[in-house]
Amino acid sequence: MAPPAIVAGPCSAESEEQLLATANSLRGIPITYFRAGLWKPRTRPGAFQGVGTEGIQWLASVKKESGLRVMTEVSLPRHVEEVLKGGIEAVWLGARTVSDPFAVQDIADALKGNPLPVFIKNPISPDTQLWLGAIERLQEAGITDITAVFRGFSTLHTAKSFHRNTPYWSVAYELKSFLPSLPLFCDPSHITGRRDEIEPMCRTAIEMGFDGLMIECHIAPNEAKSDAAQQITPDTLRGIVERLASCQRLERSQHAQLESFRTILSEIDETLLMVLARRMEVARSIGQYKQEHLIPILQTDQFSTVLRESEERARRLGLDEAFVRRLFSAIHELSISVQTEAIKP
Ligand code: PEP
Ligand code: MN
């Protein structure tokens, strides 16, 4: 089996020296593109928003000195113009941009007649149609070299979860079923958000049949101005790439459809547990509130309300009411013990 293609480079371009030092240290690792974000769409204002246009020249230096092909993220037509002027060889669309069809269309229009390779991350929410729609908009603009990049999703549960983004693998499978020949990469850096989990996530991605990996890599990760916790050094990447050579795709059995259903079930089970953990967190806060306001922990009226609402919901969803009653009695019991635990001196 062909080894996975690798895109590597820092989350953000910070200085010409940082880019050159990173690119030079990547020498010898087979890398398809060197990535670095110039315009960073940040969730909250005040975070490092990237160096902007100035970094185009730095990427040109990387290309000249290392011979690597270079790519960056575009979010606006203005970025596309700058990229085309500066000789950048490929672009990616970030999750926030892909979530906005108007933004995607503007970028597709700006690329018309200049068919650069485009990597398209999945949107923020687990919506396969939105991802597919972005790919179609670029295809309609005449872009033929398109790669999808799976980077997981922001969900209600990500704050509590082990990973930074929730990887609903079923969404990647679904995209693949619509577009079987489209190359599909995995971005373990944004899924996991932590450098010690990059290698296991790469392994999972290869076993699941992804065609390539986009990995954030920085010459001094701890000093990175964005996504420091998930970036790895070029040397760490070298080790990972060497060890991945022995990693094999898992044989999909003749019951591939059954395996896909099981993947979905396992994701749902994880979600159920994350929701339960979140519920218990709220229970803990309620315990503390009750203690401060001298309210008894056990309030039978409240429990009756929970049961009645759950039964109504069960009816609406076509679930067995007696089962839901048993389930919520157990959840309530746990909630009471969590509240009691929370107010222990
Ligand atoms: C990135 O690749 O640095 C980035 C911003 O990714 P995403 O759009 O997946 O959050
Ligand atoms: Mn990043």
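Before any of the text, the structure's been laid out above.
Below: a short report on this structure. Within each chain, residues carry numbers counting from 1 in the order of the written sequence. To read the labels, note that chains go from A and ligands from 1, taken in the order they are written. Whole-chain, interface and lining totals are the exception, using all residues; otherwise, since this is a predicted model, local features are given only for residues with pLDDT of at least 70 and side-chain atom pairs are given and counted only at 80 or more. The basis for every side-chain value is the complete set of heavy atoms in the structure, and neither hydrogens nor water enter the calculation.

1. Remarks on the side chain of Ser 12
By definition, any uninterrupted DSSP run of H or I lasting at least four residues is a helix, any uninterrupted run of E lasting at least two residues is a strand, and each is numbered from the N terminus. Mapped onto the fold, Ser 12 is located in the loop between β1 (5–9) and α1 (16–25). Exposed residues in this analysis have more than 50% of their type's maximum accessible area, buried residues have under 20%, and partly exposed residues fall in between, with area computed by a 1.4 Å probe over protein chains only. The class of Ser 12 is buried, set by a relative accessible area of 1%. The contact partners of Ser 12, leaving out residues within four places of it in the chain, are Gln 18, Gly 37, Lys 40, Phe 48 and Ser 226. Only heavy atoms matter for contacts: two residues are in contact if any of them lie within 4.5 Å across the pair.

2. Points about the pairing of strand β4 (residues 90–93)
By the alternation rule, side chains of β4 split into Ala 90 and Trp 92 and Val 91 and Leu 93, which are all buried. By definition, two strands form a pair when at least two bridges between them are found by DSSP. Bridge count between strand β3 (residues 70–73) and β4: 3 bridges; the pairing is parallel. Within β4, the residue paired with Met 71 across the bridge is Ala 90. By convention a crossover is right-handed if, when the strands point away from the viewer, the path from the first strand over the helix to the second runs clockwise. Traced from β3 through helix α3 (residues 77–86) to β4, the parallel crossover comes out right-handed. Of the strand pairs in this sheet, β4 and strand β5 (residues 118–121) are connected by 3 bridges, and their pairing is parallel. When the sheet's bridge partners are listed, Val 91 is paired in β5 with Val 118.

3. Some points on the sheet that holds strand β6 (residues 146–150)
Hydrogen bonding along the main chain pairs the strands of a sheet, whether they run parallel or antiparallel. Strand order in the closed barrel made by the 8 strands is β1-β2-β3-β4-β5-β6-β7-β8, with parallel pairing throughout. Within this sheet the neighbouring strands show an average axis-to-axis angle of 30°, counted without direction. Where helices are involved, their axes are fitted lines through C-alpha atoms of the stretch in contact, as for all axes, and angles between N-to-C directions lie from 0 to 180°. Strands β4, β5, β6 and β7 (184–186) of the sheet are contacted by helix α6 (residues 128–140), whose axis makes an angle of about 160° with β6.

4. Quick notes on the site of ligand 1
Any residue with a heavy atom positioned within 4 Å of a molecule or strand is treated as near that molecule or strand. In the region of ligand 1, the neighbouring residues are Cys 11, Arg 35, Lys 40, Glu 73, Trp 92, Gly 94, Ala 95, Arg 96, Lys 121, Arg 151, His 190 and Glu 216. For this analysis, a polar contact is any N or O atom pair within 3.5 Å, provided that within protein one partner can donate a hydrogen and the other can accept it, and provided that sequence-adjacent residues contribute only side-chain to side-chain pairs. His 190 has a polar side-chain atom sitting 3.4 Å from an oxygen atom of ligand 1. To be clear on the numbers: accessible area is Shrake-Rupley with a 1.4 Å probe, and residue cover counts the displayed protein chains and nothing else. Taken by itself ligand 1 offers 300 Å² of open surface, and the protein chains cover 96% of this. For cavity detection a 1 Å grid was placed over the protein atoms alone, and a set of points counts as a cavity when a 1.4 Å probe fits there but cannot get out; an open set counts as a pocket when protein lies on both sides within 12 Å along at least five of seven lines, with lining residues being those that have an atom within 4 Å of a point. A molecule is counted as occupying a cavity or pocket when more than half of its atoms fall within 2 Å of that pocket's grid points. The cavity where ligand 1 resides is the second largest pocket. Each residue gets one label: Ala, Val, Leu, Ile, Met, Phe, Trp, Tyr, Cys and Pro are nonpolar, Asp, Glu, Lys and Arg are charged, and the others, such as Gly, are polar. Taken together, the residues of the shell around ligand 1 sort by class into 3 nonpolar, 2 polar and 7 charged.

5. Observations regarding a nonpolar patch on the surface
For patch detection, residues must exceed 30% relative accessible area and be free of salt bridges, and they are connected within 9 Å for like charges or within 5 Å for nonpolar side chains (Val, Leu, Ile, Met, Phe, Trp, Tyr). We define a salt bridge as a contact between a side-chain nitrogen of Lys or Arg and a carboxyl oxygen of Asp or Glu at a distance within 4 Å. Residues Phe 261, Ile 264, Leu 265, Ile 268 and Leu 272 make up a contiguous nonpolar surface patch of roughly 480 Å² in combined accessible area. Examined against the element boundaries, Ile 264 turns out to sit in helix α11 (residues 256–292).

6. Focus: the side chain of Glu 199
Looking at the element boundaries, Glu 199 is found in helix α9 (residues 198–207). With a relative accessible area of 18%, Glu 199 lands in the buried category. Look past the residues within four positions of Glu 199 in its chain and what remains in contact with it is Ile 240 and Arg 243.

7. Regarding the coordination of the manganese ion (ligand 2)
Any nitrogen, oxygen or sulfur atom within 2.8 Å of a metal ion counts as a donor, with the limit raised to 3.2 Å for Na, K and Ca, and since water is left out, coordination shells can look unfinished. The manganese ion (ligand 2) binds to the protein through Cys 11 (SG), His 190 (NE2), Glu 216 (OE) and Asp 227 (OD), with metal-donor distances spanning 2.1 to 2.4 Å. Of note, the donors binding the manganese ion (ligand 2) are all from one chain and are spaced C-x178-H-x25-E-x10-D. One end of the pair, Cys 11, is in the loop between β1 and α1; the other, His 190, is in helix α8 (residues 188–192), and 179 residues separate them in sequence. Among the residues examined, Cys 11 registers a relative accessible area of 2% and is labelled buried.

8. A few points about the pattern of salt bridges
Throughout the structure, instances matching the rule amount to 15 salt bridges. For Lys 121, the salt bridge identified is with Asp 187, shortest N-O distance 2.8 Å. Here Lys 121 is found in strand β5, whereas its partner Asp 187 is found in the loop between β7 and α8, with 66 residues between them in sequence. Each member of the pair, Lys 121 together with Asp 187, is buried. One salt bridge in this structure joins Glu 341 and Lys 344, with 3.3 Å as the shortest N-O distance. Comparing Glu 341 with Lys 344 shows no difference in burial state: the two are exposed. Each member of the salt-bridge network shares a partner with another, and the members are Lys 176, Asp 211 and Arg 249.

9. Topic: the pairing of β6
Most of β6 is tucked away, with 5 of its 5 residues classed as buried. Residues Ile 146, Ala 148 and Phe 150 of β6 are buried on one face, and the alternating residues Thr 147 and Val 149, pointing to the opposite face, are buried as well. Pairing of β5 with β6 involves 4 bridges; the strand directions are parallel. Looking at β6, one finds that Ile 120 is bridged to Ala 148. Note that β6 and β7 share 3 bridges and pair parallel.

By themselves, these figures tell us nothing about what the structure is for.
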